[in-house]
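# Examination of the molecular architecture
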Amino acid sequence: MHDMETKLRKAAKDLLESGKVETVVGFQNGSLPLRTRPHFVRDASVADTLVWNRFCTNNLAAYLPRLFEKPASVRGQWSPPKIAVAAKGCDARSIIGLIKEHQVPRGSVVIIAMPCQGMVDPRKADAAAGEAVTDCHAGADGAFEVTTVSGRTRTLQRDQVVAEACLGCLHPAPAIADVKVEGPSQAPAAERFARAREFEAMAPAQRWELFLKEIAKCIRCYACRQACPNCYCKSCFIEQSKPNWAGAGDDPSDLLLFHIGRMFHQAGRCVECDACVRACPMHIDLRLFTQKLVKDVEELFGYVPGASLDDMPPLCAFQSDDSESFITHP
Amino acid sequence: MSMCASANPYLAKPVTIEKITVENAARDLKTFRLAFCSRADREAFKFDCGQFAMLSVGGAGESPIGIASSPLDADYVEFTVKRYSTGVVSTALHAMEEGERLGLRGPYGNSYPLAAMEGRNVVIVSGGFAFTTLRSTIRYMLDGRNRSRFGSITTIYGARSPGELLYKDELKAWQDVDGIDMHVTVDKGEAGWTGREGFVPTVLGEVKPSSANAVALVCGPPIMLKFTIKPLLDTGFVPETIFTSLERRMSCGIGKCGRCDIGGKYVCRDGPVFSFKQIQELTGGQF
Amino acid sequence: MALGVISKEHLGKLIAAVSRTGRFLGPVDKGDGVCLTQVSAGDMLALDYVNFILPPKRMFFPRSEVIATHGSDGMTATPLPEGRVVLFGIRPCDVLSLVYLDKVFLDEKYADPYYRSRRDNAVIISLACRQPAPTCFCTSIKGSPAGKAGADILAVDIGDVLLLESVTATGEAFMAEYGKLLDKPSAEQVSSRQAQVAAADAKMARVSIDQATAKLRARFDAAAWDELTARCLGCGVCTFLCPTCHCFGLYDEQVGGQNRRVRAQDACAFPAFTLEASGHNPRTRQGMRMRHRMMHKFCYTAESFGEIFCVGCGRCIRSCPANLDIRETLTEVSK
């Protein structure tokens, strides 16, 4: 890990010194245990503030639409900045998605492909340890040595500490590597779409009940939307007044409209980075539903979001032999 | 438990649209003359020039609109509203007809500094449809009961084109009134226009009203304000004697919801009227 | 000022007694956090927690509520809630937030009747903190793990029993009403409470806030704020979880043929918060919005109401997905 961090810092320094990029987006140490925070390095002299460890969870692609937005104060021609991103597999897939959706110019982004063994979920670690974890180190065998707030140390297994999204990750290696940082990476998960299949095995009435139960916790803070790299609309449908798709209150139908709307807007685009799940203060099981949609799109259209720059997202393209199995006659 | 309506600051009082006047050639500015349905509500509604009220269209929403009628107009309240295609309320409002009902909450906000204006000359500079509350002020000052309280009144008011001028009948009538010096201008004239042509700040520069014992009330779009403040300062007005009415999107109108906050002041509670000195302190002079 | 002890078993009897004529809400472990929930029995309560996920403001100022309906002859307010509600287990920091919110909602000129009736109907039994979290900093902002401001009764958990102290006349009357379930505290129990409170106080980290209001006023410079908040996602979690954040919107809606007015919480962190119909938006960048949030909380409210509207509960620190830490921001701007 230390080795990868050193390599990342060197890569960042080189990119900045050579003028190839103006900003390197990565992580720096956070103020809470088991956390880092997104970091924007603009000068090679501070490249050493970048870190790379098992707590680099955020999907940094979420910052790119904003960084590549032409400022309102600029009239006429504008050159987008050149930005490098220390990207895990999920971040890279998001970036590729954003390139295809014209939010990020390909020529302006440098993907620093980082190896990933799965990131730690602090909430999971706390729950497994029975109390707040203050320190956490990965051992060579994949287990973790943790120290808790009462001073006790113990060993936790990988699946007790690593985030669900990472345990089920099918694409740990970035599909594009403009710069590659070598290091150990996890293999793709053996079980594909385990949770979605579990969900599919339920009867429709049960699925609806589970969905309603989860969504009932929602306080409409829209953190899921803001944390998601795919949600870059200037005006989200849920906030439009013309037409007024949904009310401001807590009518179940309004709540459902937001979540169903947002989930279907993710179909064929969600890279299962879990940014939404981490941001949600009410711990709603959001990704269960988007995973189902990701599975559906892969099975119906053979499309994996962010795997390649060359294919079009299925909801943006039409082939005459597209599956129509899901279209029902009234 | 039933709620006494006056004790609930969120409830609008019912009003009927008595008269609708289309003010401009583009037909997107209308003056609504409203009458309270209840006498008690009408008697309770006392306001000062510069204040605003929240107008609501059932099922659409509420908007804060400056009061355009004079406080001395006892039987009705007038509002001049621009229709924005993006605006739910203004669009709904413009689709309404005489006889239909609206809701009204208010009056809210502070007023033009009438106490500071007493015994002084009043210079009014305005552009576009920001003129509404200043029209209220002019009507109030010109009223026989009030005229002697104020010194000379100089008004510079402009619109983009002749068809866009508001209150055309009153503007014309005021040309002939002794107690007020009117300078009406348009950015660009057209066939039949015999009046002045020129941007408001330019006309201000030409008229050069004296700052001696004077107070300036300035209302217009941010760009006009920017180019008006400087000439006023140059002729001797000071930030404490220049007043304007600020705008922000509002929701509650009663200083609770936080939406209209500028630098710690709520436009609905501490404004909308602010002196330029206050604006310099709040926002470094930006509108 | 009345003192009494109640055993944790008798707490169940108290809940049952209160529930006969009103509602009793207390801390319930929902698996992924503790929530203030209506309970009918003592064994539903969880007493070992840092704080509720959601702040108590929602008990008085719900995330959304229909406040009135429009009829042909005007607006009719939604009937006000009735019946006593006992809110048990609210931490002293959160209770202090209610004192601050009172300044907004219960001002003389435009008192909010919905908030007022809920406040009048509530009996607040706060629960002192035994183990502050590393993210707590109430003692830096006029608070304390056993602070009494705003509570009707302060409860301190000293092991087998809770030691109750009435703070207001309402609290005293409540303790008198249920006097049969309470015992007189022993000298030992009183000193045990003292020790526990002091220990909790000592564990609290200190953040320097004194200069914040003055320094913030001087630091309106936009560029610095853009830098400080570059990683802010504008997600609004800090706003919705903050005990004192109270920005809201009024919305008129048509639902099922009925016109109604809804009041719903909003966040200045959202870009559309200040967006006008003309398209003009005075706060276009996230840095400007976060600057406003900090200014409003640490500067403007101090100027308008005499109080910094932060109680040091630490929710924003724990829940920010980008790890923006208000303690660091305050230290940075106080330089």
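## A closer look at the sheet that holds strand β1 (residues 23-29) of chain A
All names here are of chain A.
- Ordered by their spatial adjacency, five strands build an open sheet running β2-β1-β3-β4-β8, and the pairing between neighbours is mixed. Each of the sheet's edge strands pairs with one partner strand only, and the pair in question is β2 (36-41) and β8 (179-180).
- Here six bridges tie β1 to β2, and the two strands are oriented antiparallel to one another. Pairing of F27 across the sheet is with P38, part of β2.
- Together, β3 (83-87) and β4 (109-113) form the strand contacts of helix α3 (residues 89-100), whose direction differs from that of β3 by roughly 140°.

## Looking at the interface of chain A and chain C
- The interface is formed by 31 residues belonging to chain A together with 33 residues belonging to chain C.
- Between chain A and chain C the total buried area reaches about 2,800 Å² when both faces are included, carbon and sulfur atoms providing 52% of it.
- When the buried surface of chain A facing chain C is broken down by residue, R37(A), Q226(A) and A248(A) rank first, second and third, together holding 18% of it.
- The interface formed by chain A and chain C includes five salt bridges.
- Across the contact surface, chain A and chain C share 20 residue pairs in polar contact (both at pLDDT 80 or more).

## Here we look at empty space enclosed by the protein
Residue and element names in this part refer to chain C.
- In total, this model carries 14 cavities of 30 Å³ or more according to the counting rule given.
- Its boundaries defined by the atoms lining it, the largest cavity holds a volume of some 260 Å³.
- Taken together, 22 residues make up the lining of the largest cavity; nearest its centre are C238, M290, R293, C320 and L324.
- Looking at the lining of the largest cavity, the elements that each hand over two or more residues are α9 (237-241), α10 (286-305), α11 (315-319) and α12 (326-333).
- Among the residues making up the lining of the largest cavity, the classes are represented as 15 nonpolar, five polar and two charged.
- Computed from the structure, the second largest cavity encloses a volume of approximately 140 Å³.
- In this structure, the second largest cavity is lined by 17 residues; those nearest its centre are V50, N51, C93, C129 and C136.
- Residue composition of the lining of the second largest cavity, by class: 11 nonpolar, three polar and three charged.

## Remarks on the confidence of the model for chain C
- Per-residue pLDDT for chain C averages 91, and the proportion of residues at 70 or more is 99%.
- Scored as a complex, the prediction yields pTM 0.93 and ipTM 0.92.

## Considerations on the packing of aromatic side chains
- By the definition in use, this model includes 27 aromatic pairs over all chains.
- For the ring pair F105(C) and F248(C), a centre distance of 6.2 Å and an interplane angle of 25° mean the geometry is stacked. A residue pair is termed long-range when its members are at least 10 positions apart, and F105(C) in helix α3 (residues 92-105) and F248(C) in strand β10 (residues 248-255) qualify at 143 residues. F248(C) shares its class with F105(C); the two are buried.
- The rings of Y10(B), F60(C), F61(C), F105(C), Y114(C), Y115(C) and F248(C) are connected pair by pair, giving a single aromatic cluster.
- A cation over an aromatic ring shows up here: R225(A) above the ring of F270(C), its NZ or CZ 6.0 Å from the ring centre.
- Directly above the ring of Y167(B) sits R135(B), whose terminal nitrogen or CZ lies 4.3 Å from the centroid.

Rules behind the numbers
Residues numbered from 1 in each chain as written. Chains lettered and ligands numbered in written order. Predicted model: local features only at pLDDT ≥ 70, side-chain atom pairs only at ≥ 80, totals over all residues. Heavy atoms only, no water. Pairing = 2+ DSSP bridges. Helix = DSSP H or I, 4+ residues; strand = E, 2+ residues; numbered from the N terminus. Contact = heavy atoms within 4.5 Å. Axes fitted to C-alpha atoms, helices over the stretch in contact; angles between N-to-C directions. Buried area = accessible area lost by both parts, 1.4 Å probe. Salt bridge = Lys/Arg side-chain N within 4 Å of Asp/Glu carboxyl O. Polar contact = N/O pair within 3.5 Å; in protein donor to acceptor, adjacent residues only side chain to side chain. 1 Å grid on protein atoms, 1.4 Å probe; cavity = no way out; pocket = protein on both sides within 12 Å on 5 of 7 lines; lining within 4 Å. Points joined across faces, edges and corners; volume = space filled by probe spheres on them. Nonpolar A, V, L, I, M, F, W, Y, C, P; charged D, E, K, R; others polar. pLDDT = per-residue confidence, 0-100. Phe/Tyr/Trp six-rings, centres within 6.5 Å; stacked < 30°, edge-to-face > 60°. Buried < 20%, exposed > 50% of the residue type's maximum accessible area, 1.4 Å probe, protein only. Lys NZ or Arg CZ within 6 Å of the ring centre and 35° of its normal.

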